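Letter by letter, the chains look like this.
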Amino acid sequence: MANQDKLDTTDIKMLKILQQNSRLTVKELAAKVNLSPTPAFERQKRLERDGYIQRYAAIADHHKLGNNVIVLCNIRLKQHTHDLIQQFMDAVQSIDQITECYNTTGDYDFLIKVYARDMKDYRNISCVGSLHSVIVIGEIKDSHVIPVARYEEGNL
């Protein structure tokens, strides 16, 4: 990372605040970081432009939307050909119930997170390869906040 890309303590504070509530007005954000609105706005736009802020989103309640089952699936592809891997990645992109997908090391090739109405709905999701399903029975922590503490300590 080039020196001009370093974040200062105000940038880090802004990132923490916006991850908790991205609906703050520029005026509200500025007050929380002890800046006037114009410099706060400019910093926020720079954080967006430089890719520190990728997008803003509303976090929906999956229970209220009828998705009462969360399943974490470890998937092992039948073969590791470019075509089969691409077919799997394309399928993941087209299935709305799959909200996260990670290419992993170890015994499995991918880990996906699936939201489903019930087990019947989950079984209707087709998969390429073998899978090991883990049904979530309770959510202990469901945070979408990316930690910035390491950045603050200068460990990056």
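The paragraphs below set out a description of the structure included in this document.

The rules behind the values
Residues numbered from 1 in each chain as written. Predicted model: local features only at pLDDT ≥ 70, side-chain atom pairs only at ≥ 80, totals over all residues. Heavy atoms only, no water. Helix = DSSP H or I, 4+ residues; strand = E, 2+ residues; numbered from the N terminus. Expected span 1.5 Å × (residues − 1). Buried < 20%, exposed > 50% of the residue type's maximum accessible area, 1.4 Å probe, protein only. Arc of directions from axis to C-beta. Contact = heavy atoms within 4.5 Å. Pairing = 2+ DSSP bridges. Axes fitted to C-alpha atoms, helices over the stretch in contact; angles between N-to-C directions. Parallel < 35°, antiparallel > 145°, perpendicular 65-115°, else oblique. Nonpolar A, V, L, I, M, F, W, Y, C, P; charged D, E, K, R; others polar. Core = buried A, V, L, I, M, F, W, Y, C linked by side-chain atoms within 4.5 Å. Phe/Tyr/Trp six-rings, centres within 6.5 Å; stacked < 30°, edge-to-face > 60°.

Taking 1.5 Å of rise per residue, the 13 residues of helix 3 (residues 37-49) would be expected to cover 18 Å, and the 18 Å separating its terminal C-alpha atoms lies within 8% of that figure. Those residues of helix 3 that sit buried are Ala40, Arg43, Gln44 and Leu47. In a view along the axis of helix 3, the buried residues occupy a sector of 100°, so they form one face of it. For helix 3, the exposed residues set more than 90 degrees away from the buried face come down to Thr38 and Arg49. Close packing links the buried residues of helix 3 with helix 1 (9-20) and helix 2 (26-32).

Strands pair in a sheet through their backbones, by hydrogen bonds, and they do so in one of two ways: parallel or antiparallel. As summarised here, the arrangement of the four strands in space is 2-3-1-4, forming an open sheet in which the pairing is antiparallel. Each of the sheet's edge strands pairs with one partner strand only, and the pair in question is strand 2 (98-103) and strand 4 (130-135). Across the sheet, the mean angle separating the axes of adjacent strands is 20° when strand polarity is ignored. In the sheet, strand 1 (residues 69-76) pairs with strand 4 via six bridges, with the strands oriented antiparallel. Along strand 4, the bridge assignment pairs valine 71 with isoleucine 135. The sheet contacts of helix 4 (residues 82-94) involve strand 1, strand 2 and strand 3 (110-116), and relative to strand 3 the element is tilted by about 25°.

Quick look at the packing of helix 1 against helix 3 now. The contact between helix 1 and helix 3 brings their axes to 11 Å, and the two run at 80°. By the angle between their axes, helix 1 is roughly perpendicular relative to helix 3. Residues Thr10, Asp11, Met14, Leu15 and Leu18 of helix 1 pack against Ala40, Arg43, Gln44, Arg46 and Leu47 of helix 3. Of the residues that constitute the contact of helix 1 with helix 3, the class distribution is five nonpolar, two polar and three charged.

Here the focus is the nonpolar core. Core analysis: the biggest nonpolar cluster contains 16 residues, and Cys73, Ile75, Phe88, Ile112, Val114 and Tyr122 have the highest contact counts within it. At the level of elements, strand 1, helix 4 and strand 3 are the ones that each hand at least two residues to this core. Leaving out residues up to four positions away in the same chain, cysteine 73 has contacts with Phe110, Leu111, Ile112, Val114, Tyr122, His132 and Ser133. Core analysis: the next-biggest nonpolar cluster, separate from the first, contains 12 residues, Leu7, Leu18, Val33 and Leu47 among them.

Turning our attention to the packing of aromatic side chains. The full count for this structure, using the stated rule, is one aromatic pair. Relative to phenylalanine 110, the ring of phenylalanine 88 has its centre 4.4 Å away and its plane inclined at 35°; by these criteria the two rings are tilted. On the criterion of sequence distance, the pair formed by phenylalanine 88 in helix 4 and phenylalanine 110 in strand 3 is long-range, its members being 22 residues apart. Summarising the burial analysis for this pair, phenylalanine 88 and phenylalanine 110 share the class buried.

Our focus in this paragraph is helix 1. A turn of α-helix holds 3.6 residues, and therefore any two residues three or four places apart point the same way. Relative to the 16 Å expected for 12 residues at 1.5 Å per residue, helix 1 spans 17 Å between its end C-alpha atoms, a close match to the ideal helical length. For helix 1, the full list of buried residues reads Thr10, Asp11, Ile12, Met14, Leu15, Ile17 and Leu18.

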